[in-house]
Amino acid sequence: MPNGTLDTSFGIGGRLSTELGEVQDVAILADGSILLAGTVRTDSGGDDFGVVKLLVDGTLDVGFGGHGLAVADIRGQGYDDRGRSIALLPNGGFVIAGAAGNSSSFTTDFGIAKFDDNGFLDFSFGTGGRQYVQFDPISSSDDEARDVLIDVYPASSTYKIVLIGTGMRPGGSDHDFALARLTSNGQLDPGFGTQGKV
């Protein structure tokens with residue numbers, strides 16, 4: 001409430017719990033419903049990107065994803081992913097970005113998944129609605145997207161996706177500030193930096 005007290009009309013006495021093990025970001029839709037983004041533990045014991053949708057009163061929107069929960073395993077390997085940031089898209093749907101686990105190297109890369117309004121992966125994006133970006137595929141580095149921004153081009157009704165985080169440059173020994181820009185279909189934008197990466 002404006003005075004800092006719990007809004008008891010929301011959830012149960014102003015509180016709620018979800019299937020997410022941790023919530024890292026929040027987005028509010030035009031109708032007042034809420035998207036919570038973070039990480040969810042799977043039945044196999046791994047962690048995946050997870051998004052929960054709540055109605056205005058804090059109840060779960062069971063028509064979203066799988067009974068209110070949208071999940072993405074970025075590489076499909078069962079290795080731990082960590083969802084960090086969510087952004088709404090101008091033509092509907094949303095993306096969630098974070099760290100994508102790589103079971104072959106036990107490292108992480110930038111990861112992103114795109115969902116439609118109903119909480120289902122958009123298969124026109126990347127590979128099966130998912131994409132990852134490696135900054136140095138040779139090193140054993142843990143790269144991670146910490147934020148995602150949507151760069152809209154109103155004149156052409158298009159947009160590009162900017163991932164911000166930390167990454168290791170090829171041949172480097174320390175993590176640096178890192179950016180990657182993707183097209184709306186999940187491919188690295190060759191007109192940005194070096195083949196879509198900075």
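Our subject is the structure listed above.
Residues numbered from 1 in each chain as written. Predicted model: local features only at pLDDT ≥ 70, side-chain atom pairs only at ≥ 80, totals over all residues. Heavy atoms only, no water.

## Re the overall build of the chain
Threshold: Helix numbers and strand numbers start at the N terminus; a helix is a DSSP run of H or I with at least 4 residues, a strand a run of E with at least 2. For a compact globule the rule gives 2.2 Å times the number of residues to the power 0.38, and the radius of gyration it is set against comes from C-alpha atoms. Residue exposure (1.4 Å probe, protein chains only): buried if accessible area is under 20% of the type maximum, exposed if over 50%, otherwise partly exposed.
In terms of helices and strands, the chain carries zero helices and eleven strands. Secondary structure elements in the chain, listed N-terminal to C-terminal, are β-β-β-β-β-β-β-β-β-β-β. The C-alpha atoms of the chain give a radius of gyration of 17 Å, which matches the 16 Å a tight globule of 198 residues would have. Considered along the principal axes of its C-alpha atoms, the chain spans approximately 55 × 45 × 35 Å. A burial count over the chain gives 44% of its 198 residues as buried.

## So, a nonpolar patch on the surface
This is how it is decided: What goes into a patch is any residue over 30% in relative accessible area without a salt bridge, connected to like charges within 9 Å or, for nonpolar side chains (Val, Leu, Ile, Met, Phe, Trp, Tyr), within 5 Å. Surface exposure here means Shrake-Rupley accessible area, sampled with a 1.4 Å probe, where a residue is shielded only by the protein chains that are shown. The salt bridge criterion pairs a side-chain nitrogen of Lys or Arg with a carboxyl oxygen of Asp or Glu, the two atoms within 4 Å.
Taken together, the side chains of Val23, Val26 and Ile28 make up a nonpolar region of the molecular surface, amounting to roughly 250 Å² of accessible area. On the secondary structure map, Val26 appears in strand S1 (residues 20-28). Exposure remark for Val26: the relative accessible area of 44% places this residue in the partly exposed category.

## Regarding the sheet that holds strand S2 (residues 34-41)
Selection criterion: For two strands to count as paired, DSSP must find a minimum of two bridges between them. For helices, the fitted axis covers only the stretch in contact; all axes are lines through C-alpha atoms, and the angles between them, taken along N-to-C directions, range from 0 to 180 degrees.
With antiparallel pairing, four strands are arranged side by side in an open sheet as S1-S2-S3-S4. The two strands at the open ends of the sheet, each matched to only one other strand, are S1 and strand S4 (69-72). Taking the axes of each pair of neighbouring strands and ignoring which way they run, one obtains an average angle of 25° across the sheet. As paired elements, S2 and strand S3 (residues 47-54) share eight bridges and run antiparallel to each other. Across the sheet, the residue bridging to Ala37 is Val51, located in S3.

## Description of the pairing of strand S9 (residues 144-153)
In this structure, S9 lies alongside strand S10 (residues 158-167), joined through nine bridges in antiparallel fashion. Each bridged residue has a counterpart across the sheet, and for Glu144 the counterpart in S10 is Thr166. In textbook terms, the turn of a hairpin is the stretch between consecutive antiparallel strands, and for S9 and S10 this stretch comprises four residues, one of which, Ser157, has a positive phi near 60°.

## As for the environment of Asp80
How we decide: The criterion used for residue contact is that any of the two residues' heavy atoms lie within 4.5 Å. Polar contacts here mean pairs of N or O atoms no more than 3.5 Å apart (in protein, one a potential hydrogen donor and the other a potential acceptor; neighbouring residues in sequence count only if both atoms are side-chain atoms).
Tracing the backbone shows Asp80 in the loop between S4 and strand S5 (82-88). Looking at Asp80, the relative accessible area reads 31%, which means it is partly exposed. Here Asp80 is in contact with Gly46, Asp47, Ala100 and Gly101, once residues within four sequence places are set aside. Of note is the side chain of Asp80, whose polar atom sits 2.9 Å from the backbone nitrogen of Asp47.

## Concerning the pattern of salt bridges
Any two side chains of opposite charge can pair if their charged atoms end up close together. With the rule as written, the count across this model stands at eleven salt bridges. Note that Lys114 is salt-bridged to Asp122, the shortest N-O span being 3.2 Å. Residue class for Lys114 comes out buried when judged on its relative accessible area of 9%. Each of Glu22, Arg82, Arg84, Glu144 and Arg146 takes part in one network of salt bridges that share partners.

## Let's talk about the nonpolar core
Proteins that are soluble and globular tend to have nonpolar side chains buried together. Our working rule: By convention a nonpolar core is built from buried Ala, Val, Leu, Ile, Met, Phe, Trp, Tyr and Cys residues, the set being connected through side-chain atoms within 4.5 Å.
One finds Val95, Phe110, Ile112, Val148, Ile161, Leu163 and Leu182 to be the most contacted residues of the largest nonpolar core, which totals 17 residues. If you list the elements that add at least two residues to this core, you get strand S6 (94-102), strand S7 (107-115), S9, S10 and strand S11 (176-182). With near-sequence residues (within four places) excluded, Leu182 lies in contact with Ile112, Phe125, Val133, Lys160, Ile161, Leu163, Gln187, Leu188 and Asp189. Formed by 15 residues, the second largest nonpolar core is a distinct cluster that contains Ala37, Ile96, Ala100 and Phe115.

## Section: the pairing of S2
S2 sits mainly inside the fold: seven of its eight residues count as buried. Sheet topology places S1 next to S2; seven bridges connect them, and they run antiparallel. Residue Val26 lies in a different strand from S2, and its bridge partner there is Leu36. Where S1 folds back on S2, the antiparallel hairpin that results is connected by five residues, among which Gly32 adopts a positive phi of roughly 90°.

## As for the side chain of Asp61
Relative to the elements of secondary structure, Asp61 occurs in the loop between S3 and S4. When residues no more than four places from it in sequence are discounted, the contact partners of Asp61 are Lys53, Leu54, Leu55, His67 and Gly68.

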